[in-house]
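Structure at a glance
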Amino acid sequence: MTIRSLGPEEYRQLSPEEKNQLLANGNRVEDWSTFLVCDPFFPDLIRNTSFSGEIRIQGLRPEKRNHDGRTLEAGICNSEIRDCRIGGQTVIRNVAYCANFNLGHGCILSDIQEIHTRPGAKFGCGIRNPGEEESSRRRISLINEAGDRRVPPFPGMMGADAFLWSRYREDSELMRRLEEITDRSFSGSDRGEIGENTFIQGCRSLIDLRIGSFCRIRGADVLEDLSIDSSGDEPTCIGYGTILRRGITGPGCRILDGAMAEDFALASHVTLTKGLRLSHSFVGDNSAIACCEVSNSLIFPFHEQHHNNSFLIASLLMGQSNLAAGATVGSNHNSRSADNELHAGRGFWPGLNVSLKHPSRFASFTLIAKGSYPSELDIPLPFSLVNNNQHDGCLDIIPAFWWNYNMYALVRNSRKYAVRDRRIQPRQHLEFDFLAPDTAAEIRSALELLDQWDPTGEADTLEAPRGLVERSRRRVRILKAAAARQAYREMLLYYIASTLLPGLEEKGAGLIAGLPGDTDKADPLEWINMGGQLVPERKVDLLRDEIRSGNLAGWQDIHRRYKKWDKAYPAEKIRDAWACFLLLEGNIPDAPGWQRLFAAAEQVQEHIAEEVYKSRNKDFLDPFRTVNFRNEGEKTAVLGTIDGNEFVRQIRKESDVMIRRFRSVRQLLK
């Protein structure tokens, strides 16, 4: 908040002339001794207003304020105000009741039925006030409807915080320490706060609020028990018909058009709109949800869901996900209680009218074809297309589908997230690349599984053991397995080469000298997706140890540790890629080994550029694309051409640059 705190000596009581002026303007003051002001103060700017309790006004002089094309004059009129501290140059008009608030400099409050703060307000935060029982602590039930992963929300909460608190439930000492940290870091109050230059108009009921600066609230129906972060660089906007209760809102959020949310926490730049219903959920940065219902879910950054008949319940989605129209992901519990969950890695994409059973688990970048899936699923093969083949009575999986058949979308999605990241001050490093330590680990595991299911490595179609991938006795067919093996190897080689490339360019052979030389000590790391930030598991375990021991005593300390992880991530990623390379080579690579790696990387880079072109060109070659056009000229004017596609051209240029870099490193390592 940016409310300027003034000492008692800066306030003064009113002169007799000022009192007479206020009374002449139709104002009522319960106790003149508690009505204090700072200079400059012009009493003629206050009209038809009733004051009671402790009133502090930090200056008021004639000034025109412009907002949305309207000109307003600083001052207070037609309102009732009780126990408020009012910043300088505020505009308060037609506020039927305003009590127990601190208002920042330059606020505009207009046409509000009630805005007040109750004693001991917690502003959406999951804390205990002194003397309260533990049962008074507010929690949001993430991932599981039964409530056994409940998390107390707090202002500034990040996806990593929500994951840490909801995931490691067996660690009772960690749970206790996190509650202690939250109680020490935040407190309730009898006064709400509104930051400077915030605009609030046409609202019905505003109760127990802490609102940052430059926030825009217009036409909200009910805002109750909330902390709303906002700033001049990242203003939050709340619009008509919204109902928000018991929540935390990060900076830059947009909550509009009748959205309803209860018991929630939002990271930064989240959009909720068009009648969305959200409850008991955390939503990560840059996500956009509209029209649908979301409950009991932990959602990492860049989630998209905007169809009014989709449904997401009791799920952990690890980012860059998209739910299509009619998708039903939740409340299909195959148990005697609503206590099952669905977990999905990055890039989860259930298609039209997909219905899934809980519990289920999906590897990264799983695409699920239209259909009602009758049994629980555990899909361990990343970048797959999953299809409920009712004709043949089996489940079909095409591993590495994205790489082999839709490279354009795979590459474009990775790029668009970086472009669309609206965070002004990122607090976590988000991994957008589809080839990263988490997916590299899944690819290695997928290759091992394919080898187990087909030791010859020759079958193009094979069957997974029944009951392993799907909880049923029907067949699970792995289609195009040979092509998937080749694709996975290409992806792994490219991950290794592209990750090691910058370090080799900078340090040459010196990079290798600083990496583990013993293959037994160079195993790939186990990685955890902490709210979109990839972290080696050993570092997460160390973080837990330090929280339990009290070495990290506050959320700011924990968040500083996330920043420290950010700085170490490039080096950790290089070590992971190096360990993958040693696994492939079987020993420390010699000069021919390096040549093979970067020669293969050149070929894969060329393959990426060609497949981006080819997969997008399928759209231009589709004969049905012409049915709505009178002639080829109209079609070209509307759709363009493949050779004019800016993204395809960009990838071609970038690929040429990468190939030259790979060749330069090959020369360096001869």
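Scroll up to find the structure this text is about.
Okay, so let's go over this structure.

About the criteria used
Residues numbered from 1 in each chain as written. Predicted model: local features only at pLDDT ≥ 70, side-chain atom pairs only at ≥ 80, totals over all residues. Heavy atoms only, no water. Helix = DSSP H or I, 4+ residues; strand = E, 2+ residues; numbered from the N terminus. Buried < 20%, exposed > 50% of the residue type's maximum accessible area, 1.4 Å probe, protein only. Contact = heavy atoms within 4.5 Å. Axes fitted to C-alpha atoms, helices over the stretch in contact; angles between N-to-C directions. Left-handed = near helix turned anticlockwise from the far one by under 90°. Pairing = 2+ DSSP bridges. Core = buried A, V, L, I, M, F, W, Y, C linked by side-chain atoms within 4.5 Å. Parallel < 35°, antiparallel > 145°, perpendicular 65-115°, else oblique. Nonpolar A, V, L, I, M, F, W, Y, C, P; charged D, E, K, R; others polar. Polar contact = N/O pair within 3.5 Å; in protein donor to acceptor, adjacent residues only side chain to side chain. Expected span 1.5 Å × (residues − 1). Phe/Tyr/Trp six-rings, centres within 6.5 Å; stacked < 30°, edge-to-face > 60°. Lys NZ or Arg CZ within 6 Å of the ring centre and 35° of its normal. Salt bridge = Lys/Arg side-chain N within 4 Å of Asp/Glu carboxyl O. Disulfide = S-S within 2.5 Å.

Let us look at the overall build of the protein. A tally of helices and strands in the protein yields 13 helices and 42 strands. Once the C-alpha set of the protein is aligned to its principal axes, its extents read approximately 100 × 70 × 60 Å. A total of 670 residues make up the protein; the buried ones form 57% of that total. Pairs at least 24 apart in sequence give 47% of the contacts found in the protein among residues at least 6 apart.

Looking along the chain, the bond that leaves aspartate 39 and enters proline 40 is cis, with omega of 0 degrees. Position of proline 40 among the secondary structure elements: in the loop between strand E3 (35–37) and strand E4 (46–47). Note the cis peptide between histidine 358 and proline 359, where omega equals 0 degrees. At asparagine 48, a position not held by glycine, the phi torsion is positive, near 50 degrees.

Turning to the packing of helix H3 (residues 172–185) against helix H9 (residues 537–549), a few remarks are in order. Geometry of a packed helix pair, given as the angle between the helix axes and the separation of the axes. Across the interface, H3 lies against H9 with an axial gap of 9 Å and an inter-helix angle of 65 degrees. You can see that H3 and H9 cross each other, and the crossing is left-handed. Contacts from Glu173, Leu174, Arg177, Leu178 and Ile181 of H3 reach H9 at Arg544, Ile547, Arg548 and Ser549.

To continue, consider the pairing of strand E20 (residues 243–249). Burial runs high along E20: five of the seven residues are buried. Here E20 pairs with strand E22 (residues 260–266) via five bridges, running parallel. Looking at the pairing, arginine 245 lines up with glutamate 262 of E22.

This part is about the nonpolar core. Among the nonpolar cores identified, the biggest contains 141 residues, and Leu356, Trp403, Trp594 and Phe598 are the most heavily contacted of them. Apart from the residues lying within four places of it in its own chain, the contact partners of phenylalanine 598 are Ala497, Leu501, Leu504, Phe662, Val665, Arg666 and Leu669. In this structure, Ile140, Ala162, Phe163 and Leu543 belong to the second largest nonpolar core, which totals 38 residues.

Right, let's get into the pairing of strand E24 (residues 277–283). Sheet analysis places E22 next to E24, joined by six bridges and oriented parallel. When the bridges of E24 are listed, alanine 261 appears paired with leucine 278. Pairing of E24 with strand E26 (residues 293–299), which is carried by five bridges, proceeds in the parallel orientation. Among the inter-strand pairings, leucine 278 is bridged to a residue of E26, identified as valine 294.

The next point concerns the sheet that holds strand E40 (residues 475–478). Spatial strand order, E32-E35-E37-E38-E40-E39: six strands in an open sheet with mixed pairing. Looking at which strands have only one partner, the edges of the open sheet turn out to be strand E32 (349–350) and strand E39 (462–463). The pairing of strand E37 (residues 385–389) with strand E38 (residues 394–398) spans five bridges and is classified as antiparallel. Bridge assignment links asparagine 387 to a residue of E38, and that residue is aspartate 396.

To continue, consider the packing of helix H5 (residues 407–420) against helix H11 (residues 591–621). Relative to each other, H5 and H11 sit at 110 degrees, their axes nearing to 7 Å. The orientation of H5 with respect to H11, classified from their angle, is roughly perpendicular. Taken together, the residues of H11 that come into contact with H5 (itself represented by Met407, Tyr408 and Val411) are His607, Ile608, Glu611, Val612, Ser615 and Arg616. Of the residues assigned to the contact of H5 with H11, the class counts are five nonpolar, two polar and two charged.

Relative to the elements of secondary structure, serine 360 occurs in strand E34 (residues 360–362). Reaching out from serine 360, the side chain makes a polar contact with the backbone oxygen of lysine 357 at a distance of 2.6 Å. Ignoring anything within four residues of it in the chain, the contact list for serine 360 reads Glu341, Leu342, His343, Glu376 and Leu377.

Moving on: H5. Across its 14 residues, H5 extends 20 Å between first and last C-alpha, which sits within 8% of the 20 Å expected from 1.5 Å per residue. Its buried side turned inward, H5 meets E32, helix H4 (401–405), H11 and helix H13 (646–668).

All right, on to the environment of proline 524 then. Along the polypeptide, proline 524 turns up in the loop between helix H8 (509–513) and strand E41 (527–530). A relative accessible area of 15% means that proline 524 is categorised as buried. Once the C-alpha coordinates of proline 524 and phenylalanine 581 are considered, the two residues, 57 residues apart in sequence, prove to be 9.4 Å apart. The residues touching proline 524, leaving out its near neighbours within four places in the chain, are Arg444, Asp576, Ala579, Cys580 and Leu583.

What the rule picks out here adds up to 25 aromatic pairs. Ring centres of phenylalanine 598 and phenylalanine 662 lie 5.8 Å apart, and the angle between their planes is 45 degrees; this geometry places the pair in the tilted category. Note that phenylalanine 598 is positioned in helix H11 and phenylalanine 662 in helix H13, a separation of 64 residues in sequence. Phenylalanine 662 matches phenylalanine 598 in its accessibility class, with the two residues each being buried. Between the NZ or CZ atom of arginine 56 and the centre of the ring of tyrosine 11, over which it lies, the distance is 5.8 Å. Across from the ring centre of phenylalanine 620, 5.6 Å away, lies the NZ or CZ of arginine 625, which sits over that ring.

What the rule picks out here adds up to 58 salt bridges. Each of Arg118, Asp208, Glu224, Arg245, Arg246, Glu262 and Asp263 takes part in one network of salt bridges that share partners.

So, on to the state of the cysteines. Across all of its chains, the model carries zero disulfides by this definition. Free cysteine cysteine 125: the closest other cysteine sulfur is in cysteine 253, separated by 17 Å. For cysteine 125, a relative accessible area of 3% gives the class buried.

We now examine the side chain of glutamate 546. With respect to the helices and strands, the residue glutamate 546 is situated in helix H9. In contact with glutamate 546, other than residues within four places in its own chain, are Asn551, Leu552 and Arg561.

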